[in-house]
Amino acid sequence: MKKSDLKDGEGGHSPSQLIDARIKELSDWRGKTLSHVRALIKQTDPDVVEEWKWRGVPVWSHDGIICTGETYKSVVKLTFAKGASLEDASRLFNSSLEGNTRRAIDLHEAEEIDEDAFKALIRAAIALNESKTRKAS
């Protein structure tokens, strides 16, 4: 599948298939990094929903968006939709720190992510989404 084929819903492909294709298409450290964080998200939340939004951005949701996985030339950016409301004791957030809502983790080539701290952020994002869902009901 070529990048031009990676469009929302194109060809009847599921979001998970589109994310698989994006990882394969990258074929460098960015693909490996995206694949690794995806695996960590799925380990943390086996019920996570994978989505494909905004013309090619992988999105992981559970009662609302947890985070996105954008890939750029020199960074893989994991943007947490409600990151400003999450406790980040390990200080993983290193980007988009000035906003009132989102926070992001920029991963550069050869950087490792603290897996335990990342999983804790995923769990916290899910808990926040679930609490907002309960309040809305």
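All of these numbers come straight from a predicted model, not from anything done at the bench. (Residues numbered from 1 in each chain as written. Predicted model: local features only at pLDDT ≥ 70, side-chain atom pairs only at ≥ 80, totals over all residues. Heavy atoms only, no water.)

### Describing the sheet that holds strand β2 (residues 57-61)
Part 1: Taking strand neighbours across the sheet as the criterion, the five strands line up as β1-β2-β3-β4-β5 in an open arrangement whose pairing is antiparallel. Strands at the two margins of the open sheet, each flanked by one partner only, are β1 (49-53) and β5 (103-107). Put simply, the sheet's adjacent strands are angled 20° from each other on average, direction ignored. (Pairing = 2+ DSSP bridges. Helix = DSSP H or I, 4+ residues; strand = E, 2+ residues; numbered from the N terminus. Axes fitted to C-alpha atoms, helices over the stretch in contact; angles between N-to-C directions.)

### Thoughts on the pairing of strand β3 (residues 65-71)
Part 1: β3 sits mainly inside the fold: six of its seven residues count as buried.
Part 2: Pairing between β2 and β3: three bridges, direction antiparallel. Bridge pairing in β3 places Trp-60 opposite Cys-67.
Part 3: Hairpin geometry of β2 and β3 is characterised by an intervening segment of three residues between the two adjacent antiparallel strands and by a positive phi of about 60° at Asp-63.
Part 4: Across five bridges, the pairing between β3 and strand β4 (residues 76-80) is antiparallel. When the sheet's bridge partners are listed, Cys-67 is paired in β4 with Phe-80.
Part 5: Counted along the chain from β3 to the antiparallel partner β4, the turn is four residues long. (Buried < 20%, exposed > 50% of the residue type's maximum accessible area, 1.4 Å probe, protein only.)

### Brief notes about helix α1 (residues 15-26)
Part 1: Taking 1.5 Å per residue as the helical rise, α1 with its twelve residues ought to reach 16 Å, and the 17 Å between its terminal C-alpha atoms agrees with that figure.
Part 2: Listing the buried residues of α1 in full gives Leu-18, Ile-19, Ala-21, Arg-22, Ile-23 and Leu-26.
Part 3: In this structure, the buried side of α1 is in contact with α2 (29-44), β1, β2 and β3.
Part 4: Just past α1, the residue Ser-27 takes up positive phi, approximately 45°. (Expected span 1.5 Å × (residues − 1). Contact = heavy atoms within 4.5 Å.)

### Re a negative patch on the surface
Part 1: A grouping of Glu-112, Asp-114, Glu-115 and Asp-116 is seen on the molecular surface, where their side chains present a negatively charged patch.
Part 2: Tracing the backbone through its elements, the reader meets Asp-114 in the loop between β5 and α3 (115-136). (Patch = residues over 30% accessible without salt bridge, like charges linked within 9 Å, V, L, I, M, F, W, Y side chains within 5 Å. Areas by Shrake-Rupley, 256 points an atom, 1.4 Å probe, with all protein chains shown as cover. Salt bridge = Lys/Arg side-chain N within 4 Å of Asp/Glu carboxyl O. Lys, Arg positive; Asp, Glu negative; His and termini not counted. Charge placed at Lys NZ, Arg CZ, Asp CG, Glu CD.)

### Comments concerning the side chain of Glu-70
Part 1: With respect to the element layout, Glu-70 can be found in strand β3.
Part 2: No salt bridge is formed by the buried Glu-70. Its closest oppositely charged neighbour is Lys-77, at 6.4 Å.

### Observations regarding the side chain of Asp-45
Part 1: In this fold, Asp-45 is placed in the loop between α2 and β1.
Part 2: No salt bridge is formed by the buried Asp-45. Its closest oppositely charged neighbour is Arg-123, at 10 Å.
Part 3: For Asp-45, the contacting residues outside a window of four places in its chain are His-62, Ile-66 and Ile-126.

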